[in-house]
Amino acid sequence: RLSLVGSEMCIRDSTWNEYSLERTELAGTLEWPLLSIVESSVYVEEDVKVSLSGGIDFSTNTIVEGRFEADLKSAALKQYLPEGLAFDSLTGRGQVLGPIESPIHKGELVFKNLSNTGILPVDGEILWYGESVDSFGFRVNVDGEGRSLGMEVGGSVNGKLIAVDLHGSVSYTHLTLPTNRE
């Protein structure tokens, strides 16, 4: 193996499009044919952090132990959210590996205190898994003040035919329905 580059860098107080990037960090190596990203983190203002790590093997065109993480606060995304939608925190993490054309991927998205105008806040998680775009699955769990929702969706793509399996459950510890009594 030929070691060509090993590098670390940190950039502070920069901008990208309309975003203020508080800090950008990158550490990696290139030992042909493997490009390794030991850690890559971007801090957008103080409410957003996105990190990537893993590698690409150019001899086999495969992703090696790709990982990503993102931590977001509602304030950082307020201008992009529909009016009335808010959350305390949104955390995502996942893995990607295998051939670049058809990687295996899985991950989770966890939200805290998600609310919208007229809807009580909930906490929840969305888990996903897949192989390329040929097969996929999602599991959603939402909980909040005496109510919960669980749902699982899985499917596969075969040419233009998409098969989807759906099952789930909803439970309430108490349910109040409005009446129109006088």
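Below: a short report on this structure. Residue positions are counted from 1 within each chain, in the order its sequence is given. In keeping with the model being predicted, local features are shown solely for residues with a pLDDT of at least 70 and side-chain atom pairs are shown and tallied solely at 80 or more, while totals for entire chains, interfaces and linings include all residues. Excluding hydrogens and water, the side-chain values take into account all heavy atoms of the structure.

### Regarding unusual backbone geometry
- Cis geometry is found at the peptide bond from Trp32 to Pro33, where omega equals 10°.
- Among the secondary structure elements, Pro33 is positioned in the loop between β2 (19–32) and β3 (34–44).
- The residue Asn61 is not glycine, and still its phi comes out positive at about 50°.
- Following the sequence through the fold, Asn61 ends up in the loop between β4 (48–57) and β5 (62–73).
- If you check the backbone angles, Glu65 has positive phi at about 45° while not being a glycine. Secondary structure counts use DSSP, requiring at least four H or I residues in a row for a helix and at least two E residues in a row for a strand, with both numbered from the N terminus.

### A few points about the packing of aromatic side chains
- Aromatic rings from Phe, Tyr and Trp, taking only the six-membered ring of Trp, are treated as a pair when their centres fall within 6.5 Å; an angle between ring planes under 30 degrees marks them as stacked, one over 60 as edge-to-face, and anything in between as tilted. Tallying each qualifying case throughout the model produces 3 aromatic pairs.
- When the centroid spacing of 6.2 Å and the interplanar angle of 20° are considered together, the rings of Phe68 and Trp128 count as stacked. Remark: Trp128 occurs in strand β8 (residues 119–131) and Phe68 occurs in strand β5; sequence separation between them is 60 residues.
- On the accessibility criterion, Phe68 (27% relative accessible area) is partly exposed.
- The aromatic ring of Tyr43 is capped on one face by Arg23, whose charged end is 3.9 Å from the ring centroid. Any residue under 20% of the maximum accessible area for its type is buried, any over 50% is exposed, and the rest in between are partly exposed; the area is computed with a 1.4 Å probe on protein chains only. Lysine NZ or arginine CZ positioned within 6 Å of the ring centre and within 35 degrees of the ring normal marks a charge as sitting over the ring.

Interpretation in functional terms is not warranted from these geometric data alone.
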